[in-house]
Amino acid sequence: MHRKVAANGNEAIANAMRIANPDVCGAYPITPATEIMQRFTTFVSNGKVKTEMVLAESEHSAMSACIGAAAAGGRVATATSSQGMALMWEMLFIASGLRLPIVMGMANRALSAPINIHGDHSDGMGARDCGWIHLYCENAQEAFDNMLMAFKLAEHMDVRLPVMVGMDGFITSHAIQTMEWIDDETAANFIGEYKSTNPLLDIKNPVSYGPLILADLYMEYRKAQEHVMSGVPKVVLDIAKEFEQISGRKYGLFEEYRLDDAEVAIVVMSSAAGTTKEIIDQFREKGIKVGLLKPRLFRPFPYAEVGEALKHLKAVAVLDRADCFGGSHGPLYVDIASALYNYAQRPVLINKIFGLGGRDYMPDHAEYVINELLQITKDGKVKSVKEYIGVRE
Amino acid sequence: MKTWKEVPPGAVITEPGSSRKFKTGSWRAFRPKWIPENCIQCLFCWIYCPDMSVKVKDGKRTEFDYDYCKGCGICALECPGKKGNKAIVMEEEGK
Ligand code: SF4
Ligand code: SF4
């Protein structure tokens, strides 16, 4: 039975965690992800899960507890945001380097200073190269679905890597939306039993985690890790296919919206894609060929597939909800540019920085960007490659 | 040496006791020397050695295990010796 409900993103992630029934959950509260763990600890108290909660004194410790528990041989999950993610940073690399399939919900939020509790992608982007798999969600439904798939993906024997599932802080984490649960049994069967690899608690087969690897072998381990990452997209697609069977919902490496025959397009992640689709429909009604590409699997970034999907366009605007200070462009722009660079024929590319610290992304912003793309297709003139939109000048 | 295709996932060591193969004694710049006539068999050296390089047999201290002794000198520092005469002294390697 699939139940339609009104729920927010935090509730969606907490319920996916309940269904996964992790052995251990190391956590520390932080806005706007706090509600995930608040709801989850209620499940623990009410005996809905058999999870051992480790309420740590910081996110660094929370992730350390997750790492220890995953190495010990358990299914492990947690959630965080912003400064919490930043404090975990050191441990994120250890989780991925040790190949521990930890799953983490992330309500994306701006970083201090100045302090701000609202949604942007600074936290996730700051952790983009830490060896975790990143999935990003447009709404609560996707948060639920991606979180369920994240367990299967992380724990897949060809993967064994940690996965973070990002949704926009407050916009998705707290706004109540219509979504559909998958009944517990079907969803739990989909995720499957946890199988451990080299568990520390198997005392008959003693193992050691975290040895010193110096110049004579470090590069081999890094290359091996890169190789495992390169195989992730295939597993993501296989799991999505299986997920479609139980949910009826289709997922790819990214979503293409009216992109096939489009001449110009916007690339944008997470909740802003919803607003953008609305405006694209309005342009389409006027016969203007506009489309959208919404990345879902952000790490590993599917460069070849994204390049193929965008190469036919005349002009593309990449909208970044984070900036790289001192870097030339936003982080998503840099990846899209890399995906397209090797094509002899490629679209003109512009970059817009938007929505920082929870600044609203309004329909007229999408309209403004599309009009600029259309003007570029007419006169070929780019007024500036990178621009902040929705900022007071 | 292993290639990247051969290294174990996550660098997990699955062979118990394999650290025995890694002879850390080659790091040593100073070598502890045991002087049995000054030794009171208190076993402080055995307790304090951060490795397991002080060998004990039948409750008695025997020779150092130079395959693993890194020459840190902790044993020599802690050794009370007999009447102010140390039972462990550190000597520079290669001299
Ligand atoms: S020098 Fe250090 S490592 Fe060697 S036996 Fe003494 S305490 Fe142990
Ligand atoms: S600490 Fe000195 S006196 Fe005591 S057992 Fe060791 S060598 Fe002998």
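In case you missed it, the structure is sitting above this.
If you're wondering where the values come from, they're calculated on a predicted model, not measured in any experiment.

Asks: Would you mind going over helix α4 (residues 82–97) of chain A in detail, with residue names and values included?
Replies: Residues and elements named next belong to chain A. Counted at 1.5 Å a residue, the expected span for α4 with its 16 residues is 22 Å, and the 22 Å between its end C-alpha atoms agrees. Where α4 bends most, at Trp-89, the angle is about 60°. Two residues or fewer past α4, Arg-99 is found with a positive phi of approximately 60°.

Asks: Can you tell me about the sheet that holds strand β15 (residues 386–388) of chain A, naming the residues and giving the values?
Replies: Residue and element names in this part refer to chain A. Read across the sheet, six strands follow the order β9-β11-β10-β13-β14-β15 without closing on themselves; strand pairing throughout is mixed. Whereas interior strands pair on both sides, the edge strands pair on one side only; in this sheet they are β9 (254–257) and β15. Between one strand axis and the next, the sheet turns through 20° on average, direction left out of account. Across four bridges, β9 lies against strand β11 (residues 290–295) in antiparallel orientation. Its bridge partner lying in β11, Glu-255 is registered against Lys-294. Each of β9, β10 (264–267) and β11 touches helix α11 (residues 303–310); the most contacted strand, β9, lies at about 5° to it.

Asks: An account of the layout of surface pockets is needed here, citing residue identities and associated values.
Replies: In this structure, the largest pocket spans a volume of roughly 1,100 Å³. Among the residues making up the lining of the largest pocket, the classes are represented as 16 nonpolar, six polar and nine charged.

Asks: Let's hear about the sheet that holds strand β6 (residues 133–136) of chain A: which residues, and what values?
Replies: All names here are of chain A. A sheet is described by the order of its strands in space; here five strands give the open sequence β4-β5-β7-β6-β12, paired in mixed fashion. Because the sheet does not close on itself, it has two edges, and the strands there are β4 (77–80) and β12 (297–299). Strand-to-strand twist in this sheet, taken as the mean axis angle between neighbours without regard to direction, amounts to 25°. Bridge analysis of β6 against strand β7 (residues 163–168) gives four bridges, and the strand direction is parallel.

The rules behind the values
Residues numbered from 1 in each chain as written. Chains lettered and ligands numbered in written order. Predicted model: local features only at pLDDT ≥ 70, side-chain atom pairs only at ≥ 80, totals over all residues. Heavy atoms only, no water. Helix = DSSP H or I, 4+ residues; strand = E, 2+ residues; numbered from the N terminus. Expected span 1.5 Å × (residues − 1). Bend = angle between axes of the 7 residues up to and from the residue. Pairing = 2+ DSSP bridges. Axes fitted to C-alpha atoms, helices over the stretch in contact; angles between N-to-C directions. Contact = heavy atoms within 4.5 Å. 1 Å grid on protein atoms, 1.4 Å probe; cavity = no way out; pocket = protein on both sides within 12 Å on 5 of 7 lines; lining within 4 Å. Points joined across faces, edges and corners; volume = space filled by probe spheres on them. Nonpolar A, V, L, I, M, F, W, Y, C, P; charged D, E, K, R; others polar.

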